[in-house]
Amino acid sequence: MGFRKDFLWGGATAANQCEGAWNVDGKGVSVSDICTGGKFGQSKRITPVLEEGTFYPSHEAIRHYEMFREDIALFAEMGFKCYRFSINWTRIFPNGDEQEPNEAGLKHYDEVIDECLKYGMEPVITISHYEVPFGLTKKCNAWTSREMIGYYLNYCKAIFERYKGKVKYWLTFNEINSSVAPMGALLNQGILNDLENPTEFMKQPDLTQQRFQGLHHMFLASAQAVKMAHEIDPEYKVGNMMIYAASYPLTCNPDDVLEAQKYNRLYNYYCTDVQAKGAYPAYADKLLKDMGVVLEKQPEDDEILKNGTVDFITFSYYMSSCQTADKSKESGEGNILGGVPNPYLETSDWGWQIDPKGLRYALNDLSDRYQLPLMVVENGLGAKDVIEEDGSINDDYRIDYLRQHIEQMELAVEDGVDLMGYTPWGCIDLVSASTGEYEKRYGMIYVRRYDDGTGDFARLKKKSFYWYKKVIETNGEIL
Ligand code: BG6
């Protein structure tokens, strides 16, 4: 049976993690630009005022802004059918609240899109991927404020109109459900409560109320963006983008089963139920009440949500965890979304538990629940790579990881899932979102750039480059 003929094989990146050129051609500052480097076990820091002499990885990242032609040519060599990337909001609206877009920013993405189309590669564009304009954080504390909906829609209008006829697939927000956890406050929503006192990224003072009110604003923005996209170009297909945080009961104790159900509702369904079904689920009231959250809504909100449901579901999938009612069990280190380790699984060097079968489970679960086409828009292994003396990079561990996940995707297709495509994360090495480092590499293309700020940015093909090329050539038949 296998994958469909028009299966969208490709790879994924995000502007803030690969472009660099953080203040070039009129670009404004985004929240990622004020985060320092970090590493596993040592959180990156948030510095609202940039510090002289401190290393900010997003400022140069991997120089994709200048080198996108070379990078896209390498993707084309692997045979990519699509390239998922994000538009950096602050290239189009530097502060976020301008009336008119920045022409230089629009022009840059004209060139990126044209370069993709030259090779027959479908652009899959994330509108907001951890790149909220810092100007809006300062102005209204970003998504805590309902004002943001207008700024976001202004931005959407500019790009939907500009790229009409060239782009088909849009994703409204990257990993929108990252904001059900404190980590998503600044990263995803641009929320920063104390501009005077910098904190560590992992220790932001957290206000649950703000995050969930912010999500409500994002749901409204997403729904209106879907409607606007369809009005501007009926050919546009707009998807959500969520983290699928696969989670199992640690034991068959019914208390653990109930814990897992609670977790799944919060992490995996809360956002997507709204974005795909057009209304808050029945369990939302109790879930919010238990967290002490009271949502402020306007009378027109229910109608807005109903009229802007997404056309397809996309998600990232990296790992799974277990839930238990036994409070004495420790959460696994590196498990940023909570949960305890699964004794049946191995763990990556960054503490993420590797679970290929969890991807089959995820695909079936989302397909059953939403009955929409699905796309896996992130998946991959963050690992340390070594350049051998002969210049080769033998990343068999990455090939194994990807192979096992693709096998499970294929089984899910046999199970009946309508799967549109697969874009492994960081097809080219880039800066890690959670830790702010280069050492955690995902790519099939190595970038000679290091955490001490050295490196010449040269691109080298890893063993996985040649392997993935074969996978695409055979539509997944040779793994
Ligand atoms: C997802 C994000 O969380 O996972 C990406 O959408 C991120 O931006 C990726 O880079 C991998 O996570 P990390 O923390 O290893 O970079």
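Since the structure is predicted, the reported quantities are computational estimates derived from the model, not experimental observations.

Rules of the game
Residues numbered from 1 in each chain as written. Predicted model: local features only at pLDDT ≥ 70, side-chain atom pairs only at ≥ 80, totals over all residues. Heavy atoms only, no water. Helix = DSSP H or I, 4+ residues; strand = E, 2+ residues; numbered from the N terminus. Buried < 20%, exposed > 50% of the residue type's maximum accessible area, 1.4 Å probe, protein only. Contact = heavy atoms within 4.5 Å. Areas by Shrake-Rupley, 256 points an atom, 1.4 Å probe, with all protein chains shown as cover. Lys, Arg positive; Asp, Glu negative; His and termini not counted. Charge placed at Lys NZ, Arg CZ, Asp CG, Glu CD. Polar contact = N/O pair within 3.5 Å; in protein donor to acceptor, adjacent residues only side chain to side chain. Axes fitted to C-alpha atoms, helices over the stretch in contact; angles between N-to-C directions. Parallel < 35°, antiparallel > 145°, perpendicular 65-115°, else oblique. Left-handed = near helix turned anticlockwise from the far one by under 90°. Nonpolar A, V, L, I, M, F, W, Y, C, P; charged D, E, K, R; others polar. Near = heavy atom within 4 Å. Expected span 1.5 Å × (residues − 1). Bend = angle between axes of the 7 residues up to and from the residue. Salt bridge = Lys/Arg side-chain N within 4 Å of Asp/Glu carboxyl O. Phe/Tyr/Trp six-rings, centres within 6.5 Å; stacked < 30°, edge-to-face > 60°. Lys NZ or Arg CZ within 6 Å of the ring centre and 35° of its normal. Pairing = 2+ DSSP bridges.

Engineer: Tell me about the overall build of the chain, and name the residues and values.
Structural biologist: Of the regular secondary structure elements, the chain holds 15 helices and 15 strands. In terms of overall dimensions, the chain has C-alpha extents of about 60 × 55 × 45 Å along its principal axes. Here the chain holds 479 residues, and the buried ones make up 61% of them. When contacts within the chain are restricted to residue pairs at least 6 apart in sequence, those whose partners lie at least 24 apart make up 75%. Within the structure as shown, the chain displays about 18400 Å² of accessible surface, and the carbon and sulfur contribution to it stands at 49%. If you average the places of the 50 positive and of the 72 negative side-chain charges in the chain, the two averages end up 2 Å apart.

Engineer: Give me the lowdown on the side chain of Arg-459, citing residues and values where you can.
Structural biologist: With respect to the helices and strands, the residue Arg-459 is situated in strand β15 (residues 459-461). Among the polar contacts listed, one links the side chain of Arg-459 to the backbone oxygen of Ile-62, at a separation of 2.8 Å. Here the side chain of Arg-459 touches Phe-457 through a polar contact of 2.8 Å, landing on its backbone oxygen.

Engineer: Explain the packing of helix α14 (residues 396-415) against helix α15 (residues 463-473) to me, using residue names and the numbers behind them.
Structural biologist: Where α14 contacts α15, the axes come no closer than 9 Å and their chain directions differ by 25 degrees. One element, α14, and the other, α15, form an angle in the roughly parallel class. For the pair α14 and α15, the sense of crossing is right-handed. Two secondary-structure elements touch here, α14 through Asp-396, Arg-398, Ile-399, Leu-402, Arg-403 and Ile-406 and α15 through Lys-463, Ser-464, Trp-467 and Val-471. A breakdown of the residues in the contact of α14 with α15 according to their chemical character gives five nonpolar, one polar and four charged.

Engineer: I'd love a proper account of the site of the ligand, names of residues and values included.
Structural biologist: Lining the immediate environment of the ligand, one finds 14 residues, of which Glu-175, Ala-433, Ser-434, Lys-440 and Tyr-442 sit closest. In the environment of the ligand, an oxygen atom lies 2.9 Å from a nitrogen or oxygen atom belonging to the side chain of Asn-174.

Engineer: I'd like a rundown of α14, residues and numbers included.
Structural biologist: Given a rise of 1.5 Å per residue, 20 residues ought to cover 28 Å, and the 28 Å separating the end C-alpha atoms of α14 matches this to within 8%. Within α14 the residues assigned to the buried category are Arg-398, Ile-399, Tyr-401, Leu-402, His-405, Ile-406, Gln-408, Met-409, Glu-410, Ala-412 and Val-413. Close packing links the buried residues of α14 with β1 (8-12), β11 (353-354), α13 (356-370), β12 (374-378), β13 (419-422) and α15.

Engineer: Could you give an account of helix α3 (residues 64-78), with specific residues and numbers?
Structural biologist: Here α3 is 15 residues long, yet its end C-alpha atoms lie only 18 Å apart, well below the 21 Å a rise of 1.5 Å per residue gives. Of all the bends in α3, the greatest, near 35 degrees, is centred on Glu-70. Along α3, the residues classified as buried are His-64, Tyr-65, Met-67, Phe-68, Asp-71, Ile-72, Leu-74, Phe-75 and Met-78. Following α3 by one or two positions, Gly-79 has its phi on the positive side, about 95 degrees.

Engineer: Quick rundown of the environment of Val-417? Include the residues and the values.
Structural biologist: Tracing the sequence through the fold places Val-417 in the loop between α14 and β13. A sequence separation of 26 residues divides Val-417 from Gly-391, and the C-alpha atoms of the two residues are 41 Å apart. If near-sequence neighbours (up to four positions away) are discounted, Val-417 is found in contact with Leu-363, Asn-364, Ser-367, Leu-374 and Ala-412.

Engineer: Can you tell me about the pattern of salt bridges, naming the residues and giving the values?
Structural biologist: Under the definition given, this model contains 40 salt bridges. The closest approach of N and O atoms between Glu-19 and Arg-91, which form a salt bridge, is 2.8 Å. On the criterion of sequence distance, the pair formed by Glu-19 in the loop between α1 (15-18) and α2 (57-60) and Arg-91 in helix α4 (residues 89-92) is long-range, its members being 72 residues apart. The pair Glu-19 / Arg-91 is uniform in exposure class, with both members buried. One salt bridge in this structure joins Arg-45 and Glu-51, with 3.0 Å as the shortest N-O distance. On the accessibility criterion, Arg-45 (33% relative accessible area) is partly exposed. Take Glu-51: its relative accessible area is 29%, and that puts it in the partly exposed class. Bridged by salt links that share partners, the residues Asp-385, Asp-395, Arg-398, Asp-429, Arg-441 and Lys-462 form one connected network.

Engineer: How would you sum up the packing of aromatic side chains? Please name residues and give values.
Structural biologist: Going through the model one piece at a time under the given rule, you end up with 31 aromatic pairs. Ring geometry for Trp-89 against Tyr-155: centres 5.0 Å apart, planes inclined by 10 degrees, an arrangement best described as stacked. With Trp-89 in helix α4 and Tyr-155 in helix α7 (residues 147-162), the pair connects residues that are 66 residues apart, well separated along the chain. By relative accessible area, which is 0% here, Tyr-155 ends up buried. Grouping aromatic residues by their ring pairs yields a cluster made of Phe-3, Phe-7, Trp-9, Phe-75, Phe-80, Tyr-83, Phe-85, Tyr-422, Trp-467 and Tyr-468. The ring centre of Tyr-269 lies 3.7 Å from the NZ or CZ of Arg-369, which sits over that ring. Just above the ring of Tyr-446 sits the side chain of Arg-441; from NZ or CZ to the centre is 4.0 Å.

Engineer: Now, about the sheet that holds β1: what can you tell me, with residues and values included?
Structural biologist: Taken in spatial order, the nine strands make up an open sheet running β5-β4-β3-β2-β1-β13-β12-β8-β6, and their pairing is parallel. Pairing within the sheet leaves two strands with one partner each, and these edge strands are β5 (237-239) and β6 (242-243). For β1 and β13, the ladder comprises two bridges, and the chain directions are parallel. When the bridges of β13 are listed, Trp-9 appears paired with Tyr-422.

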